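Working through the structure, step by step
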Amino acid sequence: MLEILKQPDRSAYLDIIKGLGIDEESAQISESIDDGRVTGYSVYCFERGSIVVYTVSPADDLLLADGILRSVLFLAVLRGVESARLYGDAESAAIRLGYALNDGLLEPISGLFGGCEGCGHNKHRED
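Residues numbered from 1 in each chain as written. Predicted model: local features only at pLDDT ≥ 70, side-chain atom pairs only at ≥ 80, totals over all residues. Heavy atoms only, no water.

**Regarding the layout of surface pockets**
- The space that makes up the largest pocket amounts to roughly 160 Å³.
- As for the largest pocket, its lining consists of Asp66, Arg70, Leu97, Gly98, Tyr99, Ala100, Leu106, Glu107, Pro108, Gly111 and Leu112. (1 Å grid on protein atoms, 1.4 Å probe; cavity = no way out; pocket = protein on both sides within 12 Å on 5 of 7 lines; lining within 4 Å. Points joined across faces, edges and corners; volume = space filled by probe spheres on them.)

Put into structure tokens, the structure is as follows:
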């Protein structure tokens, strides 16, 4: 079963974090894990009321990238953060997935999780 979890141990990602030019202490990692095996990850930071997503991997597996990105962005919403800046392959994947970005900026993040009006309407419809 696929799970997407925060990974507090950044040691396996230090080279990636350094390559992205991010402060090791502020970098956060989320991993996708399937049957105990890491299948993907994202590196991100929370900065001044926003989340900055630096990378998602694998960016070419759009279903997995979407799950990882949504999980990371949902963490931001849970903190009351509604502004996300996406860079590099995270931005490319988000564009291919149809996220409503404005020059790499996504606001409000919660718009990704609102569902469709038709679905909500159909749920409450009385026959």
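**Focus on the nonpolar core**
- With 23 residues, the main nonpolar core has Ile51, Val53, Val56, Leu69, Leu73 and Leu86 as its most contacted residues.
- Tallying contributions element by element places helix α2 (residues 62-78) first for this core, with seven residues.
- Filtering out sequence-adjacent residues up to four positions away, Val56 remains in contact with Tyr41, Ser42, Ala65, Ile68, Leu69, Asp89, Ala90 and Ala93.
- Of all hydrophobic cores here, the second largest spans ten residues; its members include Ala27, Tyr41, Val43 and Cys45. (Core = buried A, V, L, I, M, F, W, Y, C linked by side-chain atoms within 4.5 Å. Buried < 20%, exposed > 50% of the residue type's maximum accessible area, 1.4 Å probe, protein only. Helix = DSSP H or I, 4+ residues; strand = E, 2+ residues; numbered from the N terminus. Contact = heavy atoms within 4.5 Å.)

**A word on the pairing of strand β3 (residues 37-47)**
- As paired elements, strand β2 (residues 28-34) and β3 share seven bridges and run antiparallel to each other. Paired with Glu31 across the bridge in β3 is Tyr41.
- Where β2 folds back on β3, the antiparallel hairpin that results is connected by two residues, among which Asp35 adopts a positive phi of roughly 50°.
- Where β3 and strand β4 (residues 50-57) come together, seven bridges link them in antiparallel fashion. Looking at β4, one finds that Phe46 is bridged to Ile51.
- Linking two consecutive strands that pair antiparallel, namely β3 and β4, is a turn of two residues; a positive phi of about 40° is found at Arg48 within it. (Pairing = 2+ DSSP bridges.)

**Concerning the pattern of salt bridges**
- The tally for this structure, following the rule as stated, stands at two salt bridges.
- In this structure, the salt-bridge partner of Arg70 is Asp66, at a minimum N-O distance of 2.9 Å. With Arg70 and Asp66 both in helix α2 and four residues apart, the pair spans about one turn of that helix.
- By relative accessible area, Arg70 is classed as partly exposed at 28%.
- Here Asp66 falls in the buried class, since its relative accessible area comes to 18%. (Salt bridge = Lys/Arg side-chain N within 4 Å of Asp/Glu carboxyl O.)

**Notes on α2**
- End to end, α2 covers 24 Å across 17 residues, agreeing with the expected 24 Å (1.5 Å per residue, within 8%).
- All of the buried residues along α2 are Leu64, Ala65, Asp66, Ile68, Leu69, Val72, Leu73 and Ala76.
- Trailing α2 by a residue or two, Gly80 shows a phi angle of about 85°, which is positive. (Expected span 1.5 Å × (residues − 1).)

**Thoughts on the sheet that holds strand β5 (residues 84-86)**
- Taken in spatial order, the six strands of this open sheet run β1-β2-β3-β4-β5-β6, and their pairing is mixed. A single partner strand is all that each edge strand has here, and the edge strands are β1 (2-6) and β6 (105-106).
- On top of the sheet, α2 reaches β1, β2, β3, β4, β5 and β6; it is set at about 160° to β4, its chief contact.
- Each of β4 and β5 touches helix α3 (residues 88-96); the most contacted strand, β4, lies at about 85° to it. (Axes fitted to C-alpha atoms, helices over the stretch in contact; angles between N-to-C directions.)

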